[in-house]
Amino acid sequence: MSDLAVWIYRIAAKAIGMALCRNKIVESVYANRGVGRGEVNFGRSDIDLSVIIRMRDSAHIHGSELYSLYRRVAALRRMNPALTHPMIYDRYGLDRWMRTDTYMGSQERRSMFLLAGKSIHMPIVPVRKEDAIRWLVFWCDRFFPLAVRQGNRRNLRKMAIEVWKSWAVAQGLVAEPYLTLREAKQQAESHPAGF
């Protein structure tokens, strides 16, 4: 079922990406995170996108063009509620973000799956220990307690793996966070400190 689920999600994401690329300011659309890396749970996973917009010579985009893109995203969300996290960047903003948060930038860069438009260059930046620590604290502070309160075993397992991934980078065990939860879980279970 996993391969079929990935295929279904990627087909849905491709249709969304193609619809977004019809907007004149959109240069390319990527799926990332679960759909991009091929890890989806049918009916539970969402579709995370990175939408790269064109930059004009003046480096300005008119409000009416952004509003048109917003309306298209809103319409696509009504058609497919799995579309929950579209991130909108220009090329400079994407580059700056990946250099600012090297931990998440590393994961995003490696999971980006081109849906529509042209492929763009993404920087390869070494992951900083302090970025990994920030995400370790974020998972522990924000999502782990929520999963405990909800009694959501699936999210508890996922958050435990995310915490371990961040810890492994902060400790210098790996240079970049494991890309898939499956790989991270296997590595955590085989680590001498246990999981």
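Structure's up top.
Once a new chain begins, its residue numbering starts again from 1 and follows that chain's sequence as written. Residues qualify for local features only when their pLDDT is at least 70, as the model is predicted, and side-chain atom pairs are given and counted only at 80 or more; totals for whole chains, interfaces and linings, by contrast, use all residues. Hydrogen atoms and water are omitted, and side-chain values are computed over all heavy atoms in the structure.

1. Side note on the environment of serine 45
For step 1, the next point in the chain: Every helix listed is a DSSP run of H or I at least four residues long, and every strand listed is a run of E at least two residues long, numbered separately from the N terminus. Within the fold, serine 45 resides in the loop between α2 (33–37) and β2 (47–53).
For step 2, the next point in the chain: On the accessibility criterion, serine 45 (15% relative accessible area) is buried.
For step 3, the next point in the chain: Distance in space between the C-alpha atoms of serine 45 and arginine 182 is 15 Å, their sequence separation being 137 residues.
For step 4, the next point in the chain: Here a polar contact means two N or O atoms within 3.5 Å. Within protein one must be a hydrogen donor candidate and the other an acceptor candidate, and residues neighboring in sequence count only if both atoms are side-chain atoms. Of note is the side chain of serine 45, whose polar atom sits 2.6 Å from the backbone nitrogen of asparagine 41. With a 1.4 Å probe rolled over the protein chains alone, any residue whose accessible area is under 20% of its type maximum counts as buried; one over 50% counts as exposed, and the rest are partly exposed.

2. Overview of the environment of threonine 84
For step 1, the next point in the chain: Within the secondary structure layout, threonine 84 lies in strand β3 (residues 83–90).
For step 2, the next point in the chain: C-alpha separation for the pair threonine 84 and alanine 188, spaced 104 residues apart in sequence, amounts to 29 Å.
For step 3, the next point in the chain: At 2.9 Å, the side chain of threonine 84 forms a polar contact with the side chain of histidine 85.

3. Here we look at the packing of aromatic side chains
For step 1, the next point in the chain: Only the six-membered ring of Trp is used, alongside the rings of Phe and Tyr, when aromatic pairs are assigned; centres must lie within 6.5 Å, and planes under 30 degrees apart are stacked while those over 60 apart are edge-to-face, with the rest tilted. Per the stated rule, a full pass over the model turns up 11 aromatic pairs.
For step 2, the next point in the chain: Taken together, a centroid distance of 5.4 Å and an interplanar angle of 70° make the contact between phenylalanine 138 and phenylalanine 143 edge-to-face.
For step 3, the next point in the chain: With a relative accessible area of 31%, phenylalanine 143 lands in the partly exposed category.
For step 4, the next point in the chain: One aromatic cluster is present, formed by Tyr103, Trp135, Phe138, Trp139 and Phe143 through successive ring pairs.
For step 5, the next point in the chain: For arginine 10, the ring lying beneath its charged end belongs to phenylalanine 113, and the centroid distance is 4.0 Å.
For step 6, the next point in the chain: Charge over a ring is defined by NZ of Lys or CZ of Arg lying within 6 Å of the ring centre and within 35 degrees of the ring normal. Here arginine 142 stacks its cationic end above the ring of phenylalanine 143, 5.9 Å away from the centre of that ring.

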